[in-house]
Amino acid sequence: MWHDVGAADEVAEEEPISVKVADQEIGIYRVGGKLYAMEDICPHAYALLSMGFVEGEEVECPLHGALFHIPTGKCLAEPADRDVATFPVREENGRIMVEV
Ligand code: FES
């Protein structure tokens, strides 16, 4: 099911936002002009990845520095030990639509 989670122009490069859809925290990122949606809770402890440091296609957890690949959710560096989910996302009439 697709959900409208906000205005597309709220998400700038390296300035993700966090949204809640169907009880799930999701980070919305813009990388190279394209939107990506990725599970927002770090699997290591509890931190919002969208509050972390974004560089290119990677985000670093603000708490202990685990690294994730935004387009795929792949965990690239410890201390997190699993990948995170990603979700289909698209822009439609200036809105962000996420499928959950
Ligand atoms: S909470 Fe993210 S690395 Fe520890």
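Below or above, wherever it landed, is the structure these notes cover. (Residues numbered from 1 in each chain as written. Predicted model: local features only at pLDDT ≥ 70, side-chain atom pairs only at ≥ 80, totals over all residues. Heavy atoms only, no water.)

A word on the sheet that holds strand 10 (residues 89–92)
Pairing between sheet strands relies on hydrogen bonds along the backbone, with the strands arranged either parallel or antiparallel.
So, point 1. Strand order in the open sheet formed by three strands is 1-11-10, and the pairing between neighbours is antiparallel. Single-partner strands in this sheet number two, and they are strand 1 (2–7) and strand 10. The average undirected angle you get between the axes of adjacent strands in this sheet is 30 degrees.
So, point 2. Sheet analysis places strand 1 next to strand 11 (residues 95–99), joined by five bridges and oriented antiparallel. Within the sheet, the bridge partner assigned to H3 lies in strand 11 and is V98. (Pairing = 2+ DSSP bridges. Helix = DSSP H or I, 4+ residues; strand = E, 2+ residues; numbered from the N terminus. Axes fitted to C-alpha atoms, helices over the stretch in contact; angles between N-to-C directions.)

Here we look at the side chain of H69
So, point 1. When you line up the elements, H69 lands in strand 7 (residues 67–69).
So, point 2. Among the polar contacts listed, one links the side chain of H69 to the side chain of T72, at a separation of 2.6 Å.
So, point 3. In this structure, H69 is in contact with M38, E57, K74 and L76, ignoring residues within four places of it in sequence. (Polar contact = N/O pair within 3.5 Å; in protein donor to acceptor, adjacent residues only side chain to side chain. Contact = heavy atoms within 4.5 Å.)

Concerning the nonpolar core
So, point 1. Judged by nonpolar contacts, the single largest core of 16 residues is most densely connected at Y29, M38, C42, L49, V59, F68 and I70.
So, point 2. Sorting the residues of this core by element identifies strand 3 (24–31) and strand 4 (34–39) as the ones contributing at least two each.
So, point 3. Counting 14 residues, the second largest nonpolar core, distinct from the first, contains A8, I26, I28 and I96. (Core = buried A, V, L, I, M, F, W, Y, C linked by side-chain atoms within 4.5 Å. Buried < 20%, exposed > 50% of the residue type's maximum accessible area, 1.4 Å probe, protein only.)

Structural notes on the pattern of salt bridges
So, point 1. All chains considered together, the criterion is met by four salt bridges.
So, point 2. Here R82 ties to E39 by a salt bridge, and the two come within 3.1 Å at their closest N and O atoms. In this pair, R82 sits in the loop between strand 8 (75–77) and strand 9 (86–87) while E39 sits in strand 4, placing the two residues 43 residues apart along the sequence.
So, point 3. Among the residues examined, R82 registers a relative accessible area of 40% and is labelled partly exposed.
So, point 4. Judged by relative accessible area, E39 falls into the buried class, the value being 12%. (Salt bridge = Lys/Arg side-chain N within 4 Å of Asp/Glu carboxyl O.)

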